Each structure stands twice: as C-alpha cells, then as structure tokens.
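So you can see what is in the structure, the chains are spelled out below.
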Amino acid sequence: MTLPPGTPDLEVLDLLVSVAELGSLGAAARRHGISQPAASMRIRALERRMRVKLLDRGPTGSALTDAGHAVVEHARIVLAAVRDLVDDVDRLRAAAAPRLRIAASKTIADHRIPHWLAALRTDHPEVLISLEVENSTQVAALVRDGVADLGFVEGPHPPAGLGSRVLGADDLVVVVAPEHPWARRTTPVALAELAGTALLWREPGSGTRDTVWDLLST
C-alpha cells in the first residue's frame, strides 16, 4: 500500500493542530520552537500540497477556515494513532531489552552499588536495571525466591543454598567518642573486652552484625 498524492507530513499536521489549540500562528510557532515566518511557510506548503486553504490570514492574525477545522479534526485522530504506535513500540522495545534485577544490602548499596551500576551502564547501556535494598538476610531470600537475579551482601559466611563469590574485604573498626578511655588507648582492644562492652548494633539480619557476632562468639 502506497500513500496517496498530497499526503501531509506529520510534523506540519501537528503544527496546524497547535494553531487550532493556541489560537494563533505565532503561539503555535513558539510551541514548536520555530519562527513565525517558518511556521507560515510550512502551513502554506501544506495548503499547496493538499490544494485547500487552511488559514485565513489578516492584519490581526490567522484563523482556521472551515476546511482547516475539518483537517484539524482528522489530524488529531492521525496524530493520536501515531502516538499510540510510538508508545507500543517503546513497550515492545522495553519488553525485549535484557533485564537485571539486583538486590543489595544497605551497606553495599550505599558504598559500592553506585559505582558498579555506573560502570555497567557504560559497558551495557541496553540493560534495564532494577535495584532493591534490604539487609543481607532479606537479600539472600530475594535471590533464593527468584525475585532478584543477583544479590550483594556482606557477612562472615556465604548465604546457604546459593552460589557465591567473594568480591572484596572491608575492615571493621571500633568507633568511640573523644572522651572515651579507648580514644587514648595505644594497645589493641581484646575480643573478650569488646564482648563485655555495650555496643551499638545493626539490626538483626545485617551482615555486618553477623560478622561482629561471629568474631565475639569465638
């Protein structure tokens, strides 16, 4: 199927609809980011192509003719169909795009994930990425249940029942107030002494908490 002679361009139809909506050629030109003379030239070219007068031009401005109103009504239908087509194609493209569902513990999400996602976006911009942030126990559950494709956690042991790989190691340090006796201490704090001291802990399920608890339990 070929288009009939005189088939108008979609952009100029959109311009004509803007004239109808805004009430003037100048306002329509500003909406489309072009000058008023350029807009006028495009409408004249459309009139020549369709062989019908669409605008009455006068000293006080331009107004749609009866034919112009009729063309606008048809143009609205055509443009709406084109927008639906573009939206459907976008949805098809999104559905076909590779997806990666990531879950990460709160510590890793704060300090590591932003850099990793930036690098992934650079190397594979076509991949659609979603990120869910939970504690380590919840991240392992998301991967185990198939809600996430990949999980990042910290802790003393890999999650049971899942494949894992060590990506790095961090140091855990004790932080105290300046007036605390440990602030001036020059010798290491023994695990037994640390275990007998009130500590601020992460929530249950946190990999950091599990790591400290594992050390203090030895």
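Reference entry: report on the structure contained in this document.

The rules we used
- Residues numbered from 1 in each chain as written.
- Predicted model: local features only at pLDDT ≥ 70, side-chain atom pairs only at ≥ 80, totals over all residues.
- Heavy atoms only, no water.
- Patch = residues over 30% accessible without salt bridge, like charges linked within 9 Å, V, L, I, M, F, W, Y side chains within 5 Å.
- Areas by Shrake-Rupley, 256 points an atom, 1.4 Å probe, with all protein chains shown as cover.
- Salt bridge = Lys/Arg side-chain N within 4 Å of Asp/Glu carboxyl O.
- Helix = DSSP H or I, 4+ residues; strand = E, 2+ residues; numbered from the N terminus.
- Buried < 20%, exposed > 50% of the residue type's maximum accessible area, 1.4 Å probe, protein only.
- Axes fitted to C-alpha atoms, helices over the stretch in contact; angles between N-to-C directions.
- Parallel < 35°, antiparallel > 145°, perpendicular 65-115°, else oblique.
- Left-handed = near helix turned anticlockwise from the far one by under 90°.
- Contact = heavy atoms within 4.5 Å.
- Nonpolar A, V, L, I, M, F, W, Y, C, P; charged D, E, K, R; others polar.
- Phe/Tyr/Trp six-rings, centres within 6.5 Å; stacked < 30°, edge-to-face > 60°.
- Pairing = 2+ DSSP bridges.
- Expected span 1.5 Å × (residues − 1).

So, a nonpolar patch on the surface
A cluster of nonpolar residues, Leu 199, Trp 201 and Trp 213, forms a patch on the protein surface that exposes about 320 Å² of accessible area. Within the element layout of this structure, Leu 199 appears in the loop between α8 (191–195) and α9 (207–216). Classification of Leu 199 by relative accessible area gives partly exposed; the value is 30%.

Some points on the packing of helix α1 (residues 10–22) against helix α3 (residues 36–50)
Put simply, α1 and α3 touch, their axes get as near as 10 Å, and they point 110° apart. What the angle tells us is that α1 and α3 run roughly perpendicular. For the pair α1 and α3, the sense of crossing is left-handed. Of the residues in α3, those in contact with Val 12, Leu 13, Leu 15 and Leu 16 of α1 are Ala 39, Arg 42, Ile 43 and Leu 46. Tallied by class, residues from the contact of α1 with α3 come to seven nonpolar, no polar and one charged.

Quick look at the packing of aromatic side chains
This structure, assessed with the given rule, holds one aromatic pair. Centroid distance Trp 116 to Phe 152: 4.9 Å. Interplanar angle 45°. Geometry classified as tilted. Placement of Trp 116 in helix α6 (residues 113–123) and of Phe 152 in strand β5 (residues 150–152) is noted, with a sequence separation of 36 residues between them. The exposure class assigned to Phe 152 is buried, which follows from its relative accessible area of 15%.

Some details on the packing of α1 against helix α4 (residues 66–96)
Contact geometry of α1 with α4 gives a least axis separation of 9 Å together with a crossing angle of 120°. Looking at the two axes, α1 sits oblique to α4. The two elements α1 and α4 cross, and the hand of that crossing is left-handed. In contact with Leu 10, Leu 13, Asp 14, Leu 16, Val 17, Ala 20 and Glu 21 of α1, α4 contributes Gly 68, Val 71, Val 72, Ala 75, Arg 76, Val 78, Leu 79, Val 82 and Arg 83.

Observations regarding the pairing of strand β1 (residues 55–58)
As paired elements, β1 and strand β2 (residues 61–64) share four bridges and run antiparallel to each other. Residue Leu 55 lies in a different strand from β2, and its bridge partner there is Leu 64.

Description of the pattern of salt bridges
One pass over the structure, following the stated rule, counts eight salt bridges. Arg 83 serves as the salt-bridge partner of Asp 14, at 3.6 Å between the closest nitrogen and oxygen. Here Arg 83 lies in helix α4 and Asp 14 lies in helix α1, a separation of 69 residues in the sequence. Among the ionic pairs, Glu 73 bridges to Arg 76, the shortest N-O distance being 2.9 Å. Here Arg 76 and Glu 73 lie together in helix α4, a separation of three residues that amounts to about one turn. Judged by its relative accessible area of 46%, Glu 73 is partly exposed.

Structural notes on unusual backbone geometry
When glycine is set aside, most residues are seen to have a negative phi, and most peptide bonds are trans. Positive phi is not limited to glycine here, since Arg 51 has a value of about 60°. Among the secondary structure elements, Arg 51 is positioned in the loop between α3 and β1. Owing to a relative accessible area of 78%, Arg 51 belongs among the exposed residues under this scheme.

Structural notes on α4
Given a rise of 1.5 Å per residue, 31 residues ought to cover 45 Å, and the 45 Å separating the end C-alpha atoms of α4 matches this to within 8%. Listed as buried for α4 are Gly 68, Val 71, Val 72, Ala 75 and Leu 79. Elements in contact with the buried residues of α4: α1, α3 and β2.

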